[in-house]
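# Structural features, examined
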Protein chains: 2
Amino acid sequence: MQENAIIRAVTSIDVARAAGVSQSAVSRAFSPGSSISARTKQKVLAAAASLGYRPNRIPAIMLSGRSYMVGVVIGGLENPFYATALERLATALQESGLQVLLMHVDDALTLDSALDRLVSYRIDAIVTSLAIGSKSVVQALSQLRLPVVCFNSSHVGPWISTVNSNNHGAGLVAAHLLGQRGVQRPLWLAGPVRNSASRARGKGFCQGLRVAGLAPALTRMQGNDTYDSGYDAIACLRKQGIRPDGIFSSNDMMACGAIDALRECMDLQCPRDVVIMGYDNIPQAAWRSYDLTSFDQHTEHMVARAMELLDEALGTKDSPLSRTYIVDAQLIERGSTGSGQ
Amino acid sequence: MQENAIIRAVTSIDVARAAGVSQSAVSRAFSPGSSISARTKQKVLAAAASLGYRPNRIPAIMLSGRSYMVGVVIGGLENPFYATALERLATALQESGLQVLLMHVDDALTLDSALDRLVSYRIDAIVTSLAIGSKSVVQALSQLRLPVVCFNSSHVGPWISTVNSNNHGAGLVAAHLLGQRGVQRPLWLAGPVRNSASRARGKGFCQGLRVAGLAPALTRMQGNDTYDSGYDAIACLRKQGIRPDGIFSSNDMMACGAIDALRECMDLQCPRDVVIMGYDNIPQAAWRSYDLTSFDQHTEHMVARAMELLDEALGTKDSPLSRTYIVDAQLIERGSTGSGQ
């Protein structure tokens, strides 16, 4: 107990004395973004390490009201796209001296249930890939003066900013590419109805098909963004006697399921009998069994825009920020549209 | 500004008055695990909602030293196995009234770099799928009296508990199954050398092959747990003129790469020419292009054991807990070993 008592008693004063600097220098060495020379910081960190000192952020949170914690609300990590996006986001937040208070919600589409618990930790902001499901949440955010940055959300409101992939534009490009490939019987494999990004992709695709004169031939199938739902959609088409020759899938997971069902249920090969493209450019799109043309959302750019929005929102704490960034998705052509290596 | 000042001024006293309960009842209504009747809690929550009151955990953290935050340190989310495990873990922690302070590290194998920043938030414990890379971290954990629960780690030390998949046992089972399938030229596709779970799987596999009399024929290839490394390992074997007829891969990602390379580079089909099995039972193992036999680690059981260890460690705060649970992995047979639907 004696030894433990000694270890627990190490304070910033002890570190300051050992490093030969002021107590304020010790505090700055452990505060993200503080003004301190590299040399002084190094001295403080060395002294802290040798004494076993670790700073305590909690008093600073009480005094300043800033916790340097950002609530990150996520769901649907079974889609590798979201897992990769979370990695990039967590890395960017950490590099900015912010910590991630993670909230996982089973319903991948609403933020509502997460809010109450997150805010009791006095987070500085929220970043989420989920939609905001109700007006009461928008109202709560305003009351709390809590900035939120959403990815691929259609919601607007004070304190809510958004970084969206150019979903509509990508739909146009998809229709153009299928037209170029001579497609006559296009299929739109949609994500869940309440997924606004999927709706925008579908609208762009339909508009592009109208331009190409292909709109009347369009078949629509509804999936839920999973591999199985893509597989089942194709199996269902087979029963209806419909054979598409060009498919735009709202995400890659469904596209992979569709490719497997085309092979197994219809004996159709990509790209010989049917061309197909997805969205997200997940790692599996490049796997040789799929070799799937896809749109890369450039999550690194989207995360960078989100960090800019956070910076601005936290810098102007007293006025609501409500801005939307659109990041163009890049078409990555692979074998599934006959454009392989 | 006037309106904002009023909103910010809502305190637990106001809520207590509106609900007709004591201030302590309000506090208990917002404290995980507190003794309070459902009826009283409901009254408090209704009053809090109508007033726009949200509790503040920070003063309680200062007073009790418990933050109800658990540091979760992760890496390698591009492997769907870790993404799913993180979802399950986050859900279990949240259901126990604990919050997740997430730390992502690029190096998927060491905890060291994350520790300093996490502890400044006075977390109650750490849960991680990463190995503990150095003795200084073990020492720091002891100094901090900070319980750690590791998944699939070989490290032991005071304050460190572990939940491991029965990696060695699964290796034995894999060898037995390949023997049953008449394999004569087995291949062990290993993960990174410093991945102790992979080493244990390999040891079990070799031991099982010795029992079956197949050990002398064994080929070993080294991967890094990615799809590409599995693909490359097979492409490399082809150049050496080696044709395996049975493969145990340390994880599913490498196994998927191996299946694609067997098809493309060697014109070998699974299971006709070669049987193959992986580990983790990621969603892609069930995708029809792979139909991969795999070991399911039962992350739901592993997470449940981790929660028990956390409970115990947090309940006996003053004495170090160092315990290991082993959870059997379940063989999921699919087409890649000729056992499919």
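Keep in mind the model is a prediction, meaning the values are calculated, not measured.

Rules used throughout
Residues numbered from 1 in each chain as written. Chains lettered and ligands numbered in written order. Predicted model: local features only at pLDDT ≥ 70, side-chain atom pairs only at ≥ 80, totals over all residues. Heavy atoms only, no water. 1 Å grid on protein atoms, 1.4 Å probe; cavity = no way out; pocket = protein on both sides within 12 Å on 5 of 7 lines; lining within 4 Å. Points joined across faces, edges and corners; volume = space filled by probe spheres on them. Helix = DSSP H or I, 4+ residues; strand = E, 2+ residues; numbered from the N terminus. Nonpolar A, V, L, I, M, F, W, Y, C, P; charged D, E, K, R; others polar. Core = buried A, V, L, I, M, F, W, Y, C linked by side-chain atoms within 4.5 Å. Buried < 20%, exposed > 50% of the residue type's maximum accessible area, 1.4 Å probe, protein only. Contact = heavy atoms within 4.5 Å. Pairing = 2+ DSSP bridges. Axes fitted to C-alpha atoms, helices over the stretch in contact; angles between N-to-C directions. Polar contact = N/O pair within 3.5 Å; in protein donor to acceptor, adjacent residues only side chain to side chain. Parallel < 35°, antiparallel > 145°, perpendicular 65-115°, else oblique. Left-handed = near helix turned anticlockwise from the far one by under 90°. Domains from an automatic or database assignment. Least-squares fit on C-alpha atoms with pLDDT ≥ 70 in both. Expected span 1.5 Å × (residues − 1). Phe/Tyr/Trp six-rings, centres within 6.5 Å; stacked < 30°, edge-to-face > 60°. Lys NZ or Arg CZ within 6 Å of the ring centre and 35° of its normal.

## Considering empty space enclosed by the protein
Residue and element names in this part refer to chain A. Under the counting rule described, the total for this entry stands at one cavity of 30 Å³ or more. Forming the walls of the largest cavity are Pro 147, Val 148, Val 149, Trp 159, Ser 161, Leu 309, Ala 313, Thr 316, Ser 319 and Leu 321. Secondary-structure elements contributing two or more residues to the lining of the largest cavity are β4 (148–151) and α13 (299–315). Here the residues of the lining of the largest cavity are counted per class, giving seven nonpolar, three polar and no charged.

## Digging into the nonpolar core
Counting residues in each nonpolar core, the largest one holds 56 residues, and the members touching the most others are Leu 102 of chain A together with Leu 102 of chain B. The contacts of Leu 102 of chain B, once residues within four sequence positions are left out, are Leu 86, Ala 90, Gln 94, Val 100 and Leu 102 of chain A together with Val 72, Ile 74 and Leu 86 of chain B. Of all hydrophobic cores here, the second largest spans 54 residues; its members include Leu 189 and Ile 259 of chain A together with Phe 81 and Leu 268 of chain B.

## Quick look at the sheet that holds strand β7 (residues 219–222) of chain A
Residues and elements named next belong to chain A. Here we have four strands laid out as an open sheet, ordered β7-β6-β8-β9, and parallel in their pairing. Whereas interior strands pair on both sides, the edge strands pair on one side only; in this sheet they are β7 and β9 (275–277). On average, each strand axis in the sheet is inclined to that of its neighbour by 15°, with strand direction left out of account. When strand β8 (residues 246–249) meets β9, the two strands line up parallel, connected through three bridges. Looking at the pairing, Gly 246 lines up with Val 275 of β9.

## So, unusual backbone geometry
In this model, Cys 270 of chain A is joined to Pro 271 of chain A through a cis peptide bond whose omega is 0°. One non-glycine residue, Trp 159 of chain B, lies in positive phi territory at about 75°. Tracing the backbone shows Trp 159 of chain B in the loop between β4 (148–151) and β5 (160–165). A positive phi angle, close to 55°, is found at His 298 of chain B, a residue other than glycine. Along the chain, His 298 of chain B falls in the loop between β10 (294–296) and α13 (299–315).

## Observations concerning the side chain of Thr 128 of chain B
Residues and elements named next belong to chain B. Counting through the fold element by element, Thr 128 comes out in strand β3 (residues 125–128). Relative accessible area serves as the criterion here: at 2%, Thr 128 is assigned to the buried category. A polar atom in the side chain of Thr 128 sits 2.8 Å from the backbone oxygen of Val 73.

## So, the packing of helix α9 (residues 167–180) of chain A against helix α10 (residues 196–211) of chain A
All names here are of chain A. The interhelical angle for the contact between α9 and α10, taken along N-to-C directions, is 40°, at an axis separation of 6 Å. As summarised for this structure, α9 and α10 are arranged oblique, according to the angle between their axes. For the element pair α9 and α10, the recorded crossing hand is right-handed. Touching Asn 167, His 168, Gly 171, Leu 172, Ala 174, Ala 175 and Leu 178 of α9 are Ala 197, Ala 200, Arg 201, Lys 203, Gly 204, Phe 205, Gln 207, Gly 208 and Leu 209, all from α10.

## Here we look at the domain arrangement of chain A
Under the domain assignment, chain A is made up of domain 1 (2–56), domain 2 (63–166 + 299–328) and domain 3 (167–297 + 332–337). For domain 1 of chain A versus domain 3 of chain A, the distance between C-alpha centres works out to 57 Å.

## A closer look at the relation of the copies chain A and chain B
Of the two same-sequence chains, chain A is brought onto chain B (RMSD 0.1 Å, axial shift 0.0 Å) by a rotation of 180°. Both copies are brought into coincidence by an operation consistent with a two-fold rotation axis. Across chain A, the rotation axis passes nearest the C-alpha of Leu 101 of chain A, at a separation of 2.3 Å.

## Some words on helix α9 (residues 167–180) of chain B
Residue and element names in this part refer to chain B. Between its first and last C-alpha, α9 extends 20 Å over 14 residues, near the 20 Å set by a 1.5 Å rise per residue. Looking at α9, one finds that the buried residues are Asn 167, Gly 169, Ala 170, Gly 171, Ala 174, Ala 175, Leu 177 and Leu 178. Where the residues of α9 are buried, they touch β5, α10 (196–211), β8 (246–249), β9 (275–277), β10 and β12 (330–332). Of the residues trailing α9, Gly 182 is marked for its positive phi of about 80°.

## So, the packing of aromatic side chains
For the structure shown, the criterion picks out 19 aromatic pairs over all chains. Here the aromatic rings of Trp 188 of chain A and Phe 248 of chain A are separated by 5.3 Å at their centres, their planes lie at 35°, and the arrangement is tilted. Highlighted residues: Trp 188 of chain A in strand β6 (residues 186–190) and Phe 248 of chain A in strand β8, separated in sequence by 60 residues. A relative accessible area of 0% places Phe 248 of chain A in the buried class. Aromatic ring contacts, followed pair by pair, group Tyr 227, Tyr 231, Trp 287 and Tyr 290 of chain A together with Tyr 227, Tyr 231, Trp 287 and Tyr 290 of chain B into a single cluster. A cation over a ring is seen here: Arg 201 of chain A above Tyr 279 of chain A, with NZ or CZ 3.6 Å from the ring centre.

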